[in-house]
Amino acid sequence: MSRRTLGIIQRIFGYALIVFGIFQIVTGFANAGVITFINQDLAHIFHKMYIIIPLTILATVHGLIGIRNRVRARVRARGRALVALDILFLIAGAGFISFVTYFALKS
């Protein structure tokens, strides 16, 4: 994929990250009883289970695309080194998402 396409994907994931972050904050306040327009039990379920996983995926993909674009812009190497970097980022991202998801659902 080109840097422009990845930049567009990164921007879309950034906007979705803002929306999910605000929803995480709202459900946290509703879980504490500060906001009353959301049921506390429903807010607890969303806050603990259903928001943390997409939030983690969005943040990881958004961050890794940004890091990848910065590294590719600065590195002069071509070919296998950059493909290895992409594979490393895919493995690191999948591992981080799996790690956070496991502990989020465990608690």
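Below or above, wherever it landed, is the structure these notes cover. (Residues numbered from 1 in each chain as written. Predicted model: local features only at pLDDT ≥ 70, side-chain atom pairs only at ≥ 80, totals over all residues. Heavy atoms only, no water.)

### Overview of a nonpolar patch on the surface
Using the following cut-off: Like-charged residues within 9 Å of one another, or nonpolar side chains (Val, Leu, Ile, Met, Phe, Trp, Tyr) within 5 Å, are grouped into patches, provided each residue has over 30% relative accessible area and no salt bridge. Exposure was quantified through the Shrake-Rupley algorithm and a 1.4 Å probe, taking into account, for residues, occlusion by the shown protein chains and nothing else. Here, a salt bridge means any Lys or Arg side-chain nitrogen found within 4 Å of an Asp or Glu carboxyl oxygen. To qualify as a helix, a DSSP run of H or I must reach at least 4 residues; to qualify as a strand, a run of E must reach at least 2; elements of each kind are numbered from the N terminus. The cut-offs for exposure are 20% and 50% of the maximum accessible area for each residue type, with area from a 1.4 Å probe on protein chains only; residues under the lower value are buried, those over the upper are exposed, and the others partly exposed.
There is a patch of nonpolar side chains on the surface, built from I45, M49, Y50 and L105 and spanning about 380 Å² of accessible area. If one sorts the elements of the nonpolar patch by residue count, helix α2 (residues 40-50) sits on top with 3 residues. By the element assignment, M49 lies in helix α2. Take M49: its relative accessible area is 38%, and that puts it in the partly exposed class.

### A look at the environment of Q24
Operational definition: Contacts are assigned to residue pairs that have any heavy atoms within 4.5 Å of one another.
Mapped onto the elements of the fold, Q24 is located in helix α1 (residues 3-32). Aside from chain neighbours lying at most four places away, what touches Q24 is H47, I51, I52 and L55.

### Let's talk about the packing of aromatic side chains
This is how the line gets drawn: Pairing of aromatic side chains here covers Phe, Tyr and the six-membered ring of Trp, requires ring centres within 6.5 Å, and sorts the geometry by plane angle: under 30 degrees stacked, over 60 edge-to-face, intermediate tilted.
In this structure the tally under the stated criterion is 4 aromatic pairs. Ring geometry for F23 and F46: centres 5.7 Å apart, planes at 70°, overall edge-to-face. Taken together, the residues F23 in helix α1 and F46 in helix α2 connect sequence positions 23 residues apart. Looking at F46, the relative accessible area reads 28%, which means it is partly exposed. Centroid distance F99 to F103: 4.8 Å. Interplanar angle 70°. Geometry classified as edge-to-face. Of this pair, F99 and F103 both sit in helix α4 (residues 80-106), 4 residues apart, which is roughly one turn of that helix. Judged by its relative accessible area of 41%, F103 is partly exposed. Members of the aromatic cluster, connected to one another through ring pairs, are F23, F46 and Y50.

### Here we look at the environment of I12
Assignment of secondary structure puts I12 in helix α1. Among the residues examined, I12 registers a relative accessible area of 52% and is labelled exposed.

### Concerning the packing of α2 against helix α3 (residues 52-74)
For any two helices packed against each other, the geometry comes down to the angle between their axes and how far apart the axes lie. Short version of the rule: Here an angle of 0 to 180 degrees is reported between the N-to-C directions of two axes, which are lines fitted to C-alpha atoms, with helices fitted over the stretch in contact. Side-chain classes follow a simple rule in which Ala, Val, Leu, Ile, Met, Phe, Trp, Tyr, Cys and Pro form the nonpolar group, Asp, Glu, Lys and Arg form the charged group, and the remainder, Gly included, forms the polar group.
It is the contact of α2 with α3, at a shortest axis distance of 5 Å, that shows an interaxial angle of 35°. Here α2 contributes K48, M49 and Y50 to the contact with α3, which in turn contributes I52, I53 and P54. Across the contact of α2 with α3, the residue classes tally to 5 nonpolar, no polar and 1 charged.

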